[in-house]
Amino acid sequence: MFADVILPLALPKRTYTYSVPESVASLLQPGVRVEVQFGRSKRYSGLVARVHHEKPDYEVKPILSVLDEVTVVTAQQFRLWDWISDYYCCTLGEVMSAALPGHLKLTSETKLVFNKAFGDGFMELDADEYLIAEALQIQQEIIVEDARKILNKKTVFPVIQRLLNKGVLFLREDLQEKFKPRKVTAVRLAEPYREQPDLLREVFKELSGKERQVEILMAYLALEKRQPFVLKQDVLTKADVSESSLNTLVKKGILEKYDREVSRISGYEDELVEADELSPQQVRAIRELRQLFQDDPEVTPEAPDSAAETTKVGSPKKVILLHGVTGSGKTRVYVELMREVIKQGGQVLYLLPEIALTTQIISRLQKVFGGEVAVYHSKINTQERVEVWKSAVAGKPVILAARSGLFLPFQNLKLVIVDEEHDSSFKQYDPAPRYHARDTAIFLASLYGAKTLLGTATPSLETWHNTLTGKFGLVKMPERFGGLELPEIQTIDLREQMKNRQMQSIFSTQLLESLQSALDKGEQAILFQNRRGYAPILECEVCGWNAMCRHCDVSLTYHMHTHRLRCHYCGYVQEPVKICPACGSGKITFKGFGTEKIEDELKIFLPNARIGRMDLDTAGTKSNLTALLNDFEERRLDILVGTQMVTKGLDFDNVALVGVLGADALTKFPDFRSGERAFQLLTQVAGRAGRKNKQGRVLIQAFDPRHPVVQEVLNGDFLGFVDRELKERLEFKYPPFYRLINLELRHKEPKVVNEAAAFYAKALRAKLGDRVLGPVIPNIARIRNYFGQNIMLKLEKSAPLLSGTKALIRHTTEIMLGRPGLSQVQVAVDVDPA
Ligand code: ADP
Ligand code: ZN
Ligand code: ZN
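Remember, predicted model here, so these are calculated numbers, not experimental data.

J.: Pulling in residues and values, what's your account of the overall build of the chain?
T.: When helices and strands are counted, the chain shows 28 helices and 36 strands. Its C-alpha atoms give the chain a radius of gyration of 29 Å, near enough to 28 Å, the size a compact globule of 834 residues would have. With the C-alpha coordinates aligned to their principal axes, the bounding extent of the chain is approximately 95 × 70 × 70 Å. Here the chain holds 834 residues, and 55% of them are scored as buried. A total accessible area of about 37200 Å² is found for the chain, and carbon and sulfur atoms account for 51% of it.

Now the structure itself:
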C-alpha cells in the first residue's frame, strides 16, 4: 500500500508518495497525520491525502508512524486547500502550513517546553512518555530531535503528540502567545446594602431632591434584576448621567466599583439578553435577504467573480451584499439570520478583519448567543485554538473569526458573513497563500451549499460590480438606526489656512476650536492620521540628506517614545543623529507627522484633554488594544488619535467630532486602488461620529479639498464615486474588468534580479503579448536587503486564459530557476492583489 502525503513546505509537487508498512496500515486513512522523513534527515508531520496501490517507479521511503486515530482534516477542507493552491498559484504545502494550527504541525526542530502546571502526575505516563517528561523537567526545553535521541527509537512524534494531549508539554511557539483576560468595570451595592437591601429605603429618603443620584440608583437596581453583574457603563447609559454623578454615590458608600474578568472565548456565564427589537429598516432588509437567498429556479446559478472558473456548485443568489451606511444596524440583521441557521442546527462563520475583532463585537454576539459563540484569531493561545478547532468539528453554531477561520473543520456550515467586506486586510500578502478571505469565503460556502452575506458601508468595487451584473444580490440600508442623521462633513483648505496664518502646527484653528468645544461639552473626538510614529523623515536642512534604512530603500521614522529611528518595513532601529553625516551641519529637522506627534502636540494645545493613541505601536504593547478601547468607551479618554485602526467597525456613542488631519496622503497615493481606499477610509472614519444621541461632525483637512474623492465623501455620493471610478478602471484595464496578477522577483543582487526579471518578462510576453507590463523597479526598490523587480499581468476575464497563464507562470518559474546564477531568485505570485 502507498500513501500520498502533503508536506507543510513550499515544494513543487502536490504530494509525495510513501510506502505504508504493515504495522500502520490499519490506522491509515486520508485526513490523518503521519510522521515522515523528507530530505536527508528532517522529519515532518504530513497529511495523508490519498491511500492507493499504485507503486511508483522510484524508491519510496516508509511512513514512520501515524499520529491521529481520527481524521484532522475533512474532505471539504481538502477541496478548499486545492482550490486555494490552484487559484492563488501556490503549493498545497503552503496552504497546509497556513491552514493547520500550530499544535497539529510537528517537525524535528519543533521546540518542546515543559508545562510547569502539569505537576507530578508522572505515574500515569508510560515508559517512553516518562523519559521525555523527565528530560523536559530537567532541561525545560528540548527539540523533537533530542527527544528522538533520548528514546533512541525510529519514531517519536506519537509520543510527543500524547504528551501534548496530556498537557505535559507545550510547543515553544505557542507559549509566546499570551492570553490576557479582559477586565471590565462593574458596579455593585456597597456594604451594608448588599446584604440588607431594605436599608436602601433610608438612602432614597436621604437622596430626595438629588435627582441624578436617585436615577443612578434606580438604573442600577433595574439592571441588577436582570443580570448577574452590572457594568458601570450600562448604568451610566441607562441613567444618562456622567461618571462624576456615579462617583458621588461611590463616595457616599452606597455603590462601589470593582473589576471583573470576562472570558473572551468560551464559558460565557452571563445571562443572555433578548436581541433588540428590529427597526422597520431592519425588518425590510431581513425580508429582502430571505427572498433573495431563496432558491429561485428563475435565476441561473452564479459563482463569485474570482471563483467563477472553478465553482459550479451553488444556486441562485448564493451571495448577497448588504450595503448599509455606518450605524444602520447591520449587526442586528446578521443576528437575525444567524438565529435562523442555528435553529436548524447549522453553523455560521462570521469573518471580520483581525483588528476589528474587538471585545465590542464579541460581547455583542455573546449577549445574544452566549456560549454558542467561539472566537478564532491570531491573538488567542494554543489551548483556545485547539478548543475552537474541536468545537468546529463538534458543530459549534457560531464562529467569529479573522481570515484564518476559513480553515476550520466545519461540519454543517450554512452561512458565512463577511463583515467589512471591503477591507484590504482580508487579503493575505506574505507569506503565501496570498488569498483573499472574502473570495475564499464564497468558495468555502459553495462547498457546503451555504450562503454568503457580505456587509459594509463602503463596498469594494469588485463586489459592487458583481451586484451590477447580477452575480450578487443587493440589499440596502440607507438610513442610520434610530433616525440618526449621517455626520455633517466639512473640508478645511490647508493652503488657505496657511496663507491666512490659521495653522497651529498641523492643526487648523477650526479643528482646534471644534475639539475644545467638544471637550467643554463632555463629548469625545477621534483624530485620524494614516501614519504612525512621530515623524516619517529626519532631514538635513542644509544638504537635503535624510535618514534611510540600511536594509531598505525607505526613510526611517522617528519614534519619540523610544527616541529611536525605526524602519517600518524591516524593523531596523537606530539612534537619531544630531549632526548630518553628509555635510556635518547641525540643522537636522523632522519632516511630516505621525500619530505620535499629533498626540504630543495636542497636549500643548489642549492641556486638559485626556488623549489616547491607537496604532500598531500602542495596540501591540503595554496599553493593548482592548484596554485602550475600554478606556475610550468608558470615557476615561476624551480624544483618540489613531491610524486606520480607528476606522474599523468601532461603535462609540459619545463621539461628536472626527478630524482627518491630511486627506491628501490618501488620495494621492500612487496605486490604482488609492481612490477606492481613500473613499472607504474617509467614509468609515467619518462614520464613527455621532452614533447615538445626535448628529456628529467631521472635519477633513486637505491641501486639495476639491479632489473628486474628497467631494464624493463630503456628499455621501457613493454612486457618483463608483460610477467615476469604474469608468477609469475600465479605461485603464484594471479590476473589476480585468484580472491582475503581480509577480515580484527578489534577490540580494540587483544584477541578478534584473536579469531574472528581464528573462521572465520576455518569456511571458512571447505568449501573452502586451498583457505583460514591466518589469519595473517597485516603489521601494530594496526591502530587507532584497532588491525587487515587478511584473504585472492584466488579463481579460476568461477561464482558459487564466489557467493557461498560471501554467505558464509555473513553467517559466521553473525554467528561470534552472538558469545559471538564477536558482536563488525568489518569485512571489499575487493573484488579485489588494
Ligand atoms: P453598522 O454595523 O451598520 O454600522 P451597528 O450594527 O453597529 O451598525 O448599529 C449601530 C448602533 O445602533 C449600535 O449602537 C446598535 O447597538 C444600535 N442598534 C442597531 N439596531 C438596533 C435595534 N434594533 N435596537 C436598538 N439598537 C440598535
Ligand atoms: Zn547635511
Ligand atoms: Zn528596513
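J.: Report on the packing of helix 13 (residues 330-343) against helix 14 (residues 359-369), specifying residues and quantitative values.
T.: Packing of helix 13 against helix 14 leaves a shortest axis separation of 11 Å and a crossing angle of 40°. When the axes of helix 13 and helix 14 are compared, the pair comes out oblique. Note that helix 13 runs across helix 14; the crossing there is right-handed. Along the contact surface, helix 13 presents Thr 331, Val 335, Met 338, Arg 339 and Ile 342, while helix 14 presents Ile 361, Arg 364, Leu 365, Val 368 and Phe 369. Considered class by class, the residues forming the contact of helix 13 with helix 14 number seven nonpolar, one polar and two charged.

J.: A description of the site of ligand 1 should follow, citing residues and the corresponding values.
T.: Lining the immediate surroundings of ligand 1 are 18 residues, of which Glu 277, Gly 327, Thr 331, Arg 364 and Asp 651 lie closest. Contacts to ligand 1 include Arg 364, whose side-chain N or O atom sits 2.8 Å from an oxygen atom. Protein contacts shield 83% of the accessible area of ligand 1, which totals 560 Å² for the unbound molecule. Ranked by the residues each element gives to the shell around ligand 1, the list is headed by helix 13, at three residues. Taken together, the residues that form the shell around ligand 1 break down as three nonpolar, seven polar and eight charged.

J.: Break down the sheet that holds strand 26 (residues 573-574) for me, with residues and values.
T.: Taking strand neighbours across the sheet as the criterion, the three strands line up as 24-25-26 in an open arrangement whose pairing is antiparallel. The sheet is open, and its two edges are formed by strand 24 (557-559) and strand 26, each paired on a single side. Two strands pair when backbone bridges link them, and strand 24 and strand 25 (residues 564-566) are joined in this way by three bridges, in the antiparallel orientation. Directly across from Thr 557, in strand 25, lies its bridge partner Arg 566.

J.: Give a description of the sheet that holds strand 7 (residues 141-143) that names residues and reports values.
T.: The sheet built from three strands is open, its strands ordered 7-6-8 with antiparallel pairing. Looking at strand neighbours, the two that pair on one side only are strand 7 and strand 8 (169-171), the edges of this open sheet. The sheet shows a mean angle of 30° between the axes of neighbouring strands, taken without regard to direction. Pairing between strand 6 (residues 111-114) and strand 8: three bridges, direction antiparallel. Its bridge partner lying in strand 8, Phe 114 is registered against Leu 169.

J.: Kindly report on helix 24 (residues 674-686), identifying the contributing residues and their values.
T.: One turn of an α-helix holds 3.6 residues; hence residues three or four places apart share an orientation. With 13 residues, helix 24 extends 18 Å from end C-alpha to end C-alpha; this agrees with the ideal 18 Å at 1.5 Å per step. Of all 13 residues making up helix 24, eleven are buried, and the element is well covered by its neighbours. For helix 24, the set of buried residues is Ser 674, Gly 675, Glu 676, Ala 678, Phe 679, Gln 680, Leu 681, Leu 682, Gln 684, Val 685 and Ala 686.

J.: Which residues make up the side chain of Glu 145, and what values go with them?
T.: Among the secondary structure elements, Glu 145 is positioned in helix 5 (residues 144-151). Using a relative accessible area of 17% as the deciding quantity, one classes Glu 145 as buried. A distance of 2.9 Å separates polar atoms of two side chains, one belonging to Glu 145 and the other to Arg 148.

J.: Pulling in residues and values, what's your account of the coordination of the zinc ion (ligand 2)?
T.: The zinc ion (ligand 2) binds to the protein through Cys 540 (SG), Cys 543 (SG), Cys 580 (SG) and Cys 583 (SG), with metal-donor distances spanning 2.3 Å. One way to put it: the four donor atoms around the zinc ion (ligand 2) meet at angles of 106 to 113°, and that makes the site tetrahedral. Within one chain, the residues donating to the zinc ion (ligand 2) are spaced in sequence as C-x2-C-x36-C-x2-C. Residue classification places Cys 543 among the partly exposed positions, given a relative accessible area of 39%.

J.: Please set out the nonpolar core residue by residue, giving values where relevant.
T.: Core analysis: the largest hydrophobic core is formed by 115 residues, its most contacted members being Trp 81, Leu 349, Ile 399, Leu 745 and Leu 793. Apart from residues lying up to four places away in sequence, Leu 745 is in contact with Val 753, Ala 756, Ala 757, Tyr 760, Phe 787, Gly 788, Gln 789, Ile 791, Met 816, Val 825, Gln 826 and Val 827. One finds Ala 275, Tyr 334, Met 338 and Leu 352 within the second-largest nonpolar core, a separate group that totals 34 residues.

J.: Hey, could you go over the environment of Ile 320 for me, with residue numbers and the actual values?
T.: Note that Ile 320 resides in strand 12 (residues 319-324). It is 53 Å that separates the C-alpha atoms of Ile 320 and Tyr 193, two residues lying 127 residues apart in sequence. Contact partners of Ile 320, with chain neighbours within four places excluded, come to Leu 289, Leu 292, Phe 293, Thr 452, Leu 453, Leu 454, Gly 473, Leu 474 and Val 475.

J.: Account for the packing of aromatic side chains, with residues named and values stated.
T.: One pass over the structure, following the stated rule, counts 20 aromatic pairs. With 5.6 Å between their ring centres and 85° between their planes, Tyr 534 and Tyr 558 make a pair best called edge-to-face. With a gap of 24 residues between them, Tyr 534 in the loop between strand 22 (524-528) and strand 23 (537-540) and Tyr 558 in strand 24 connect regions that are remote in the sequence. When the centroid spacing of 5.7 Å and the interplanar angle of 75° are considered together, the rings of Tyr 534 and Phe 590 count as edge-to-face. Of the two residues, Tyr 534 sits in the loop between strand 22 and strand 23 while Phe 590 sits in strand 27 (residues 588-591), which places them 56 residues apart along the sequence. By relative accessible area, Tyr 534 is classed as buried at 10%. The side chain of Arg 434 reaches across the aromatic face of Tyr 429, ending 5.6 Å from its centre.

J.: Give me the lowdown on the packing of helix 12 (residues 280-293) against helix 13, citing residues and values where you can.
T.: Between helix 12 and helix 13, the least distance of the axes is 10 Å, while the angle of their chain directions is 45°. Relative to helix 13, helix 12 is oriented oblique. For helix 12 against helix 13, the interelement crossing comes out right-handed. Contact residues: helix 12 offers Gln 282, Ile 286, Leu 289, Arg 290 and Phe 293, while helix 13 offers Arg 332, Val 333, Glu 336, Leu 337 and Glu 340.

J.: Explain the pattern of salt bridges to me, and be specific about the residues and the numbers.
T.: Here the structure, examined in full by the defined rule, presents 48 salt bridges. The salt bridge involving Arg 782 is made with Asp 553; its shortest N-O contact spans 3.2 Å. Separated by 229 residues along the polypeptide, Arg 782 in strand 34 (residues 782-783) and Asp 553 in the loop between strand 23 and strand 24 bring together distant segments of the chain. With a relative accessible area of 14%, Arg 782 lands in the buried category. Between Glu 599 and Arg 613 there is a salt bridge, with the nearest N and O atoms lying 2.6 Å from each other. Of the two residues, Glu 599 is situated in helix 20 (residues 595-605) and Arg 613 in strand 28 (residues 611-614); the sequence distance between them amounts to 14 residues. Considered together, Glu 599 and Arg 613 belong to a single accessibility category, that of buried residues. Connected through salt bridges with shared partners, the residues Glu 462, Arg 673, Glu 676, Glu 712, Arg 724, Glu 725, Glu 728 and Arg 729 form a single ionic network.

So, how was this worked out
- Residues numbered from 1 in each chain as written.
- Chains lettered and ligands numbered in written order.
- Predicted model: local features only at pLDDT ≥ 70, side-chain atom pairs only at ≥ 80, totals over all residues.
- Heavy atoms only, no water.
- Helix = DSSP H or I, 4+ residues; strand = E, 2+ residues; numbered from the N terminus.
- Rg over C-alpha atoms; globule rule 2.2 N^0.38 Å.
- Buried < 20%, exposed > 50% of the residue type's maximum accessible area, 1.4 Å probe, protein only.
- Areas by Shrake-Rupley, 256 points an atom, 1.4 Å probe, with all protein chains shown as cover.
- Axes fitted to C-alpha atoms, helices over the stretch in contact; angles between N-to-C directions.
- Parallel < 35°, antiparallel > 145°, perpendicular 65-115°, else oblique.
- Left-handed = near helix turned anticlockwise from the far one by under 90°.
- Contact = heavy atoms within 4.5 Å.
- Nonpolar A, V, L, I, M, F, W, Y, C, P; charged D, E, K, R; others polar.
- Near = heavy atom within 4 Å.
- Polar contact = N/O pair within 3.5 Å; in protein donor to acceptor, adjacent residues only side chain to side chain.
- Pairing = 2+ DSSP bridges.
- Expected span 1.5 Å × (residues − 1).
- Donors = N, O, S within 2.8 Å, 3.2 Å for Na, K, Ca; no water.
- Tetrahedral: all angles 85-135°; square planar, octahedral: opposite > 155°, others 65-115°.
- Core = buried A, V, L, I, M, F, W, Y, C linked by side-chain atoms within 4.5 Å.
- Phe/Tyr/Trp six-rings, centres within 6.5 Å; stacked < 30°, edge-to-face > 60°.
- Lys NZ or Arg CZ within 6 Å of the ring centre and 35° of its normal.
- Salt bridge = Lys/Arg side-chain N within 4 Å of Asp/Glu carboxyl O.

Read these as geometric descriptors, not functional statements.
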